[in-house]
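Notes for the structure review
Residues per chain are reported as follows:
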Amino acid sequence: MCKHNRTGVPGQYDLTVGIEPRERNRRVRHDVTRMKPAEKAALDQWYCIDALEDIPLGESANRLLGYDLVVNRSSQGDFAVKRADTGATAAHRLRYGYLWVSLGAPAGGVPPIPEADEPDRRLVICGAVSVKASGPRVVENFLDMAHFPFVHTDILGAEPHTEVRHYTTEIRRDVDEVWATNCEFFQPQAALSATGGIMAQYMYRVTTPFTVMLYKTSPNAENRWDVICLFVQPLDPERCRAHPVMFLLDDVSTTTDLIAFQQMIFLQDRIILENQRPVLLPLEPRAEIPTRADASSVAYRRWLKEKGVVYGTTAQLA
Ligand SMILES: [Fe+2]
């Protein structure tokens, strides 16, 4: 929150704005061995851990919530996932071109994405990106519009169009998700296939504490939305992999170009994410002063607290 502020110098971006002064020089990461292990509320979620196309036959190593995993893929296409330390079998699902795993007892299935089943959409798997940041920080950055002109300059935003207009946030109790709707932002190049600046409409949806998605104006289809997801895989409290995937209405661009566009955007975010302090997401009231633009972050933090999810937050410190 409040991390995306101008320095007053065009093109410059002060990463320390919004950080308490005593935190500014604290570049040392927490000792993960002194943090609480993953709590039940985090263990009971579904996590995307790899694109199926990236998983080799036979055994391969993976990691989730501080636990090493052994993934086994048979030549018949069957998968099995075990914890490396105990040998305990972990539940898994195959969905959206990815392997999903839970180390606990999830109440429901993998988050539903109805658009994924629409036949004219292109599934674009954009590759996993390692990020030295906490999972909830990555989710919050995805929800944030204020950084567009400063981090994704001349692509997802541009000066002087820096204002985040009022939008609506809610925790939808029927589906247990956080939504932000009526979001809009001026974007010089809202998508690879966009041919000029538009006022892009957005909706954000947080489906699990570590999976987030957005719906945005499609340059190629009126009255329908492009869908962009970010599946966050927390490896450790301060380290994760992010899996960006898109369900697009775009039959023009090449897959290579679409992936390159999305990776460019996310690598711009990674620079910001890896420099945020404190590294763990603060859950204490008023640890970071929210602005109106942060309404979605406020709702997300409230929802995490309600669920008792603390993995990757300051509440995980022993
Ligand atoms: Fe971004």
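Look above for the structure.
My aim in this report is to walk through the structure given alongside it, one point at a time. Because the structure is predicted, anything quoted here is derived from the model rather than measured. (Residues numbered from 1 in each chain as written. Predicted model: local features only at pLDDT ≥ 70, side-chain atom pairs only at ≥ 80, totals over all residues.)

Section: unusual backbone geometry
Pro-160 follows Glu-159 through a cis peptide bond whose omega is 5°. As for its position among the elements, Pro-160 is in the loop between α4 (148–151) and β9 (168–172). For the bond running from Arg-277 to Pro-278, omega is -5°, close enough to zero to count as cis. For Pro-278, the position within the fold is in the loop between α5 (255–273) and α6 (295–307). Notably, Leu-65 is not glycine yet its phi reads approximately 55°, a positive angle. Mapped onto the secondary structure, Leu-65 falls in the loop between β2 (58–64) and β3 (67–73). The phi angle at Tyr-96 is positive, at roughly 60°, despite the residue not being glycine. Inspection of the secondary structure puts Tyr-96 in the loop between β5 (89–95) and β6 (98–102). (Helix = DSSP H or I, 4+ residues; strand = E, 2+ residues; numbered from the N terminus.)

Things to note about α6
Residues lying three or four places apart along an α-helix face the same way, a consequence of the helix completing one turn every 3.6 residues. Helix length check: α6 (13 residues) gives 19 Å between terminal C-alpha atoms against 18 Å at 1.5 Å per residue, within 8%. Listing the buried residues of α6 in full gives Ser-296, Ser-297, Tyr-300, Arg-301 and Leu-304. All buried residues of α6 fall inside an arc of 135° around its axis, so they share one side. The secondary structure elements touched by the buried residues of α6 are α3 (135–143), β9, β10 (177–187) and β11 (198–208). Just past α6, the residue Gly-308 takes up positive phi, approximately 75°. (Expected span 1.5 Å × (residues − 1). Buried ≥ 20, exposed ≤ 12 C-beta atoms within 10 Å, placed from the backbone. Arc of directions from axis to C-beta. Contact = placed C-beta atoms within 7 Å.)

Let's talk about the sheet that holds β2
Read across the open sheet, the 6 strands follow the order β1-β6-β5-β4-β3-β2; overall the sheet is antiparallel. Each having just a single partner strand, β1 (47–51) and β2 make up the two edges of the open sheet. Strand-to-strand twist of the sheet, defined as the mean angle between neighbouring strand axes without regard to direction, takes the value 30°. Pairing between β3 and strand β4 (residues 79–83): 5 bridges, direction antiparallel. Paired with Arg-73 across the bridge in β4 is Phe-79. (Pairing = 2+ DSSP bridges. Axes fitted to C-alpha atoms, helices over the stretch in contact; angles between N-to-C directions.)

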